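# Analysis of the macromolecular model
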Amino acid sequence: MENQLTPTEPIKLAIQKSGRLHDSSMQLLKECGIEVSNGNNQLRIQSSNFPLEIFFLRDDDITEYVQDAVADIGFVGENVVKEKCKEVETIEKLGFGKCRLSIAVPKNGSLKSLLDLNNKKIATSYPVILADYLEKQNISAAIHEISGSVEIAPRIGLADAICDLVSSGSTLFTNELKEMETVLVSEAVLISSRGLSSGKQGILDRLLFRIRAVKKAKNNKYVLLNAPNDKIDSICGLLPGIKSPTILPLAEKGWSSIHSVINEADFWNVIEQLKANGAVGILIIPIEKMIV
Ligand code: ATP
Ligand code: ZN
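This structure is a prediction, so every number in the text was calculated from the model and none was measured. (Residues numbered from 1 in each chain as written. Chains lettered and ligands numbered in written order. Predicted model: local features only at pLDDT ≥ 70, side-chain atom pairs only at ≥ 80, totals over all residues. Heavy atoms only, no water.)

### Side note on the environment of Ile262
Note the following rule: The numbering of helices and of strands both runs from the N terminus, where a helix is a DSSP run of H or I of at least 4 residues and a strand a run of E of at least 2. The contact definition used throughout considers only heavy atoms, calling two residues in contact when any of these lie within 4.5 Å.
Mapping Ile262 onto the fold places it in strand E14 (residues 255-263). Considering only alpha carbons, one finds Ile262 and Val223, 39 residues apart in sequence, at a separation of 6.9 Å. Not counting residues within four places of it along the chain, the set of residues in contact with Ile262 comprises Asn219, Asn220, Lys221, Val223, Leu239, Phe267, Val270 and Ile271.

This is the structure in structure tokens:
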């Protein structure tokens, strides 16, 4: 009988060889407890403690490799998944590589709104996504496809506007451009080939379990605080925790220590309310993994 924990064939994961997604992809695997040697200049490497083999590729090629089942799964930007239109399944958002695909125009130019783009020329590396967007907005503009340095197109007279990836906006700023419309919001996602074998599906499920535990831990913090016993109820109302908060008596009579988990998004609000409800000695501790 096949041992589920040590299948002979590893799952093949495609990640970006170098670039903005590389380090975060490797970091996520590390946080999932998956050990890989530093594969400098290697095309593929195998993990020493998990049935996984990594292929290092250009991000543009990842969806095609996964579609063709040369790789079983991949980490790649949603922007690439939408642009390439390959037959792959998007399984999970990964929480890194966050950016947006935006239309930007010269800062002090005459283009003020989307309507002004009618009959104008827009340079982009994302012709498919842009064409789809313009059609939905009923704008008729010429799309000029270029593969890199899109941000210089207006300055050299190649186009009136651009449609490009933005995160901080500093590249636009340096090039005297301003964002006009967000076309797509994107982050890195885990994609999968259709029709994985049951052995590989099993490995993917184990990987997903770990990825979700890592993501959840990042979104939550462990909180410990002290409170007088008569405030326990109101404080617990603010701290639902995973199941319910843990309450332990302190050596000092009439006081307790309360432990719970709070969501990063509500963090400062909850802390203010805890203080207002008599909590003291509040400690906030990062969580490494979270399995609920
Ligand atoms: P490759 O050599 O693999 O083709 P690339 O130059 O096409 O690399 P990068 O610039 O490394 O790609 O970007 C990879 C991905 O990182 C993008 O597709 C996008 O999903 C994400 N990303 C996040 N923020 C940004 C940003 N500000 N600009 C560009 N991409 C970003
Ligand atoms: Zn690329």
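### Looking at the sheet that holds strand E3 (residues 52-57)
Worth spelling out the cut-off: A strand pair is defined by DSSP finding two or more bridges across the two strands. Under this scheme, a helix contributes an axis fitted over its contacting stretch, all axes are lines through C-alpha atoms, and angles between N-to-C directions fall in the 0 to 180 degree range.
Spatially, E2-E3-E1-E4-E11-E5 is the arrangement adopted by the six strands of the open sheet, whose pairing is mixed. One side of each edge strand has no neighbouring strand; the edge strands of this open sheet are strand E2 (44-46) and strand E5 (89-93). Direction aside, neighbouring strands of the sheet carry axes that sit 25° apart on average. Two strands pair when backbone bridges link them, and strand E1 (residues 11-16) and E3 are joined in this way by six bridges, in the parallel orientation. Looking at E3, one finds that Gln16 is bridged to Leu57. Sheet contacts for helix H2 (residues 59-67): E1, E3, strand E4 (73-77) and strand E11 (188-192); angle to E4, the most-contacted strand, approximately 145°.

### Concerning the coordination of the zinc ion (ligand 2)
What counts, and what does not: Sites may look incomplete, because water is not among the atoms used; the donor set itself consists of N, O and S atoms within 2.8 Å of the metal (3.2 Å for Na, K and Ca). Under this scheme a four-donor centre is tetrahedral when all angles range from 85 to 135 degrees, a four-donor centre is square planar and a six-donor centre octahedral when opposite donors are above 155 degrees with the rest from 65 to 115, and any other centre is irregular. Per-residue accessibility, obtained with a 1.4 Å probe over protein chains only, is compared with the maximum for each type, and a residue is labelled buried under 20%, exposed over 50%, and partly exposed between these values.
Coordination sphere of the zinc ion (ligand 2), protein contribution only: Asp59 (OD) and Asp60 (OD), at 2.0 to 2.1 Å. Geometry at the zinc ion (ligand 2) is irregular, judged from the four donor atoms that bind it and their angles of 76 to 172° at the metal. Judged by relative accessible area, which is 28%, Asp60 ranks as partly exposed.

### Digging into the site of ligand 1
Test applied: The cutoff for a nearby residue is simple: one of its non-hydrogen atoms must lie within 4 Å of the molecule or strand. Throughout this description, a polar contact denotes any pair of N or O atoms lying within 3.5 Å of each other; where both atoms belong to protein, one of them has to be capable of donating a hydrogen while the other can accept it, and for residues adjacent in sequence the pair is counted only when both atoms sit in side chains. In this count, Pro and Cys sit with the nonpolar residues alongside Ala, Val, Leu, Ile, Met, Phe, Trp and Tyr, while Asp, Glu, Lys and Arg are called charged and the others, Gly among them, polar. Domain limits in this description derive from either an automatic procedure or a database domain assignment.
Inspection of the region around ligand 1 gives 17 residues, with Gln16, Arg20, Asp60, Asn79 and Ser167 positioned closest. Asp60 has a polar side-chain atom sitting 2.7 Å from an oxygen atom of ligand 1. For the shell around ligand 1, the per-class residue count stands at five nonpolar, seven polar and five charged. Viewed by domain, the shell around ligand 1 spans two of them, domain 1 (11-95 + 187-217) and domain 2 (99-186), each represented by three or more residues.

### Quick notes on the nonpolar core
Rules: For our purposes a nonpolar core is just a set of buried Ala, Val, Leu, Ile, Met, Phe, Trp, Tyr and Cys residues, chained together by side-chain atoms within 4.5 Å.
Ranked by size, the top nonpolar core spans 27 residues in total, and within it Leu52 and Phe75 carry the most contacts. Residue assignment for this core shows that the elements contributing at least two residues are E1, helix H1 (22-31), E3, E4, E11 and helix H6 (198-218). It is H6 that provides the largest number of residues to this core, a total of six residues. Leave out the neighbours within four places in its chain, and Leu52 touches Pro10, Ile11, Leu13, Leu29, Ile34, Ile45, Gln46, Ser47 and Leu207.

### Regarding the pattern of salt bridges
Quick note on the threshold: Salt bridge, as applied in this entry: a Lys or Arg side-chain nitrogen positioned within 4 Å of an Asp or Glu carboxyl oxygen.
Evaluation of the coordinates by the stated rule reveals 15 salt bridges. Across the salt bridge formed by Asp60 and Arg58, the nearest N and O atoms sit 3.1 Å from each other. For Arg58, a relative accessible area of 57% gives the class exposed. Between Lys200 and Asp72 there is a salt bridge, with its nearest N and O atoms 3.1 Å apart. Of this pair, Lys200 sits in helix H6 while Asp72 sits in the loop between H2 and E4, and the two are 128 residues apart along the sequence. By the burial criterion, Lys200 is buried, and Asp72 matches it. Three or more residues joined by partner-sharing salt bridges are found here, namely Glu9, Asp72 and Lys200.

### Examining the domain arrangement of the protein
Here the protein is partitioned into domain 1 (11-95 + 187-217), domain 2 (99-186) and domain 3 (220-286). Distance from the C-alpha centre of domain 1 to the C-alpha centre of domain 3: 38 Å.

### Looking at helix H4 (residues 127-136)
Put simply, the rule is: Picture the helix axis, draw a direction to every C-beta atom, and the arc is the one those directions span.
Looking at H4, one finds that the buried residues are Pro127, Ile129, Leu130, Tyr133 and Leu134. Looking straight down H4, one finds its buried side chains confined to an arc of 160°; they lie on one side. Looking at H4, the residues exposed on the side facing more than 90 degrees away from the buried face are Glu135 and Lys136. Tucked inside the fold, the buried residues of H4 contact helix H3 (78-84), strand E6 (99-106), strand E7 (121-124), strand E8 (142-145), strand E9 (161-166) and strand E10 (177-186). Among the residues trailing H4, Asn138 stands out with phi positive, at a value near 65°.

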